[in-house]
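This is what each chain is made of:
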Amino acid sequence: MKTLLSNIKIEIPTGIYLKDPESSTLGKKIIENSIILLEEIGFEDFNFKKLGANIGSNESSIYRYFESKHKLLMYLTAWYWGWVEYQLVIETYSITDTTEKLKKAIEVVTKTTEQDNKYSHINEVLLNSIIINENSKVYYTKDVDEDNKEGFFMPYKRTIQRIADIILAYNPDYKFALSYASTMVEGSLHQHFIQQHFKSITNCNTTTTPTDFFTDLTLKTVTNAK
């Protein structure tokens, strides 16, 4: 099963890009270096001119793949959530005990990211840092409803649905599985953010992780609803 899954490509909704960056060496170079540059300077200071200079290519060549830096960020977030969904499938498929399955799902979506060597042009550790700091900029726009209709957020939504299904397998009577799953996903990003930047307002630190917090919170919340 794991061997089979290791050959699966992370599928991105096609409308996000003009040309699939996975289809060429230049496209993969754009993705690899955009992650490095975005993590280094942030979304506000990032642009295709700077990216082009980093990869030794004309700015216009990047526009053949993405119409804007927002669409590029949307691509990276879609890839990230598709990758998280992939991890959920791999890590939970053989677990039959519903408590252990729920604990593993919590771990997958809340833990500190480690490098996945299956995708050599994508640094998942840096990408995770981008998601922690920039994720909301993909959704909090005037075009969010139209983008949603186009299916651009499907990897993110599927990830939340999978977590909700695991919660319901643990407690079929829990009424707020989707609300809780989405809160846990976003809350985990927030805890990682404030652990880095506002240490005085979180109990998460070098010994207590967001995974510890959400495991405790989830089991108490969902179990008490039985």
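Small disclaimer: the values here were computed from a predicted structure and weren't measured. (Residues numbered from 1 in each chain as written. Predicted model: local features only at pLDDT ≥ 70, side-chain atom pairs only at ≥ 80, totals over all residues. Heavy atoms only, no water.)

K.L.:
Can you lay out empty space enclosed by the protein for me, pointing to particular residues and giving the numbers?
P.N.:
Per the counting criterion, the structure on display carries 1 cavity of 30 Å³ or more. Volume-wise, the largest cavity comes out at about 40 Å³. Taken together, M74, T77, A78, W81, V138, Y139, F152, F153, P155 and Y156 make up the lining of the largest cavity. Looking at the lining of the largest cavity, the elements with two or more residues in it are α5 (69-92), α8 (136-139) and α10 (154-170). Of the residues forming the lining of the largest cavity, the biggest block, 4 residues, is contributed by α5. Within the lining of the largest cavity, the residues separate by chemical class into 9 nonpolar, 1 polar and no charged. (1 Å grid on protein atoms, 1.4 Å probe; cavity = no way out; pocket = protein on both sides within 12 Å on 5 of 7 lines; lining within 4 Å. Points joined across faces, edges and corners; volume = space filled by probe spheres on them. Helix = DSSP H or I, 4+ residues; strand = E, 2+ residues; numbered from the N terminus. Nonpolar A, V, L, I, M, F, W, Y, C, P; charged D, E, K, R; others polar.)

K.L.:
Break down the pattern of salt bridges for me, with residues and values.
P.N.:
The final tally for this structure, using the stated rule, is 9 salt bridges. Close ionic contact of R158 with E85 constitutes a salt bridge, the shortest N to O distance being 3.0 Å. Of the two residues, R158 is situated in helix α10 and E85 in helix α5; the sequence distance between them amounts to 73 residues. Its relative accessible area of 8% is what places E85 among the buried residues. Ionic pairing is found between R162 and E85, a salt bridge with its closest N-O pair at 2.8 Å. Remark: E85 occurs in helix α5 and R162 occurs in helix α10; sequence separation between them is 77 residues. (Salt bridge = Lys/Arg side-chain N within 4 Å of Asp/Glu carboxyl O. Buried < 20%, exposed > 50% of the residue type's maximum accessible area, 1.4 Å probe, protein only.)

K.L.:
Account for the packing of helix α6 (residues 98-110) against α10, with residues named and values stated.
P.N.:
Two numbers describe how α6 lies on α10: the axes approach to 8 Å, and their chain directions differ by 155 degrees. Here α6 is positioned roughly antiparallel relative to α10, judged by the angle of their axes. Once α6 is placed against α10, the crossing between them reads as left-handed. Residues T98, T99, K101, L102, A105 and V109 of α6 touch α10, and the partners they reach there are T159, I163, I166, I167, A169 and Y170. In the contact of α6 with α10, the residues fall into 8 nonpolar, 3 polar and 1 charged. (Axes fitted to C-alpha atoms, helices over the stretch in contact; angles between N-to-C directions. Parallel < 35°, antiparallel > 145°, perpendicular 65-115°, else oblique. Left-handed = near helix turned anticlockwise from the far one by under 90°. Contact = heavy atoms within 4.5 Å.)

K.L.:
How would you sum up the layout of surface pockets? Please name residues and give values.
P.N.:
Roughly 320 Å³ of internal volume is contained in the largest pocket. Lining the largest pocket we find 22 residues, and of these W83, Q87, K111, T113 and E114 sit closest to its centre. At the level of secondary structure, the elements contributing two or more residues to the lining of the largest pocket comprise α5, α6, α7 (124-134) and α11 (177-197). Considering every element that reaches the lining of the largest pocket, the biggest residue donor is α5, with 7 residues. When grouped by side-chain class, the residues that make up the lining of the largest pocket number 9 nonpolar, 7 polar and 6 charged.

K.L.:
Account for a negative patch on the surface, naming residues and giving values.
P.N.:
On the surface, D143, D145, E146 and E150 cluster together to form a negatively charged patch. Within the secondary structure, D143 is located in the loop between α8 and α9 (144-149). (Patch = residues over 30% accessible without salt bridge, like charges linked within 9 Å, V, L, I, M, F, W, Y side chains within 5 Å. Areas by Shrake-Rupley, 256 points an atom, 1.4 Å probe, with all protein chains shown as cover. Lys, Arg positive; Asp, Glu negative; His and termini not counted. Charge placed at Lys NZ, Arg CZ, Asp CG, Glu CD.)

K.L.:
Go over the packing of helix α2 (residues 25-41) against helix α3 (residues 48-55) with me, naming the residues and quoting the values.
P.N.:
At their nearest, the axes of α2 and α3 sit 9 Å apart, and the two run at 115 degrees to each other. Judged by the twist between their axes, the crossing of α2 over α3 is right-handed. On α3, the residues that touch L26, K29, I30, N33, S34, L37 and I41 of α2 are K50, L51, N54 and I55.

K.L.:
An account of the side chain of T211 is requested, with residue identities and associated values reported.
P.N.:
Examined against the element boundaries, T211 turns out to sit in helix α12 (residues 210-224). Given the relative accessible area of 14%, T211 is considered buried. Reaching out from T211, the side chain makes a polar contact with the backbone nitrogen of K111 at a distance of 3.4 Å. The contact partners of T211, leaving out residues within four places of it in the chain, are I106, E107, T110 and K111. (Polar contact = N/O pair within 3.5 Å; in protein donor to acceptor, adjacent residues only side chain to side chain.)

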